[in-house]
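Structural description and commentary
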Amino acid sequence: MTPALAGALRCPVCGGPLLLVGRSLRCPKAHSFDLAREGYANLLAIQKKHAADPGDSKEMVRARRAFLSAGYYGPLMQALGTLCAALPHERMVDAGCGEGSYDRFLYDALGGPQMVGFDLSKEAVRLAAKLVPEGAFCVGGSFSAPVRDGWADLLLNIFSPMAEAEFRRMLRPGGYLVYAVPTARHLYGLKEVLYQTPYENEVKDTTYEGFSFVEAREATATLTLEGASVGQLFAMTPYYWNTPADGAARLAACQRLTTEIGFRYLVYRKN
């Protein structure tokens, strides 16, 4: 983490600015947060920590890293890169950054923007910090975000909760929010195996206070997976936790899976 990127962060205790002092982040009120070996900081306020180990589990995070690093979501990342390249992106925040695969792609595709990412999962942030050492990563949540007011030109939210008040706070006036949500048929082939009655995802365009809707772009593809990648896809999704045992057993026996994938990128401009 560089001193310049440390200056994008704020203290989770008092909200004051943070400075990089040696291997610690410190605010004017002497609150101090040590950097981990990988270079990230834990800026999740203790009162916001509602579980011993919040966020996605190590199993989910590592499955996501294995799956994404194999390039299966390449068409969706390419579409996101093209979209972001057309927007102001000198200073980027990834809210709910996960293990950093999207950030590594975007950092390279966009020519090295200043990049800050945060996630509730300590394991995800640890992997992101190793994958994108040029950025600043920290453990933190979207509803009490560790980024100072008005810092970001562009804020990404890929399948994470919509914290509109905090997103407005972090963006400069006229800054942009890109909110990725699933298309109706995203992972439909997976759901055909898991459930007796598969369902399409709800598709809607929502307005948010303080934002103007700009456009919606859609990126889709069809995947055919074999072997371990089938289980990795399952393990990195919420379906892993709420699928009936018989559906999970069917998937465990599945050595080849074809499914549609698709993201809708909803673009908003801060008023």
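Residues numbered from 1 in each chain as written. Predicted model: local features only at pLDDT ≥ 70, side-chain atom pairs only at ≥ 80, totals over all residues. Heavy atoms only, no water.

**Some words on the sheet that holds strand E1 (residues 19-21)**
Here is the rule: Here a strand pair is declared whenever DSSP counts at least two bridges between the two strands. Where helices and strands are cited, they refer to DSSP runs of H or I of at least four residues and of E of at least two residues respectively, numbered from the N terminus. Axis lines are fitted through C-alpha atoms, for helices just across the contact stretch, and the angle between N-to-C directions can take any value from 0 to 180 degrees.
Read from one edge of the open sheet, 3 strands run E1-E2-E3, paired in antiparallel fashion. Pairing within the sheet leaves two strands with one partner each, and these edge strands are E1 and strand E3 (32-34). Taken pair by pair, the neighbouring strands of this sheet meet at an average axis angle of 30 degrees, ignoring direction. Looking at chain direction, E1 and strand E2 (residues 24-26) are connected through 3 bridges and run antiparallel. Each residue of the ladder has a partner; that of Leu 20, found in E2, is Leu 25.

**Remarks on the environment of Ser 229**
Condition: Should any heavy atoms of two residues lie within 4.5 Å, those residues are considered in contact.
Residue placement: Ser 229 occurs in helix H8 (residues 228-235). As for Ser 229 and Arg 64, which are separated by 165 residues in sequence, their C-alpha atoms are 10.0 Å apart. Ser 229 has contacts with Phe 67 and Tyr 72, leaving out every residue within four places of it along the chain.

**Quick notes on the environment of Gly 71**
The criterion, for reference: Burial classes: relative accessible area under 20% of the type maximum marks a residue as buried, over 50% as exposed, and values in between as partly exposed (1.4 Å probe, protein chains only).
Mapped onto the fold, Gly 71 is located in the loop between helix H2 (58-69) and helix H3 (74-85). Judged by relative accessible area, which is 43%, Gly 71 ranks as partly exposed. Spatially, the C-alpha atoms of Gly 71 and Ser 101 are 9.8 Å apart, while their sequence positions differ by 30 residues.

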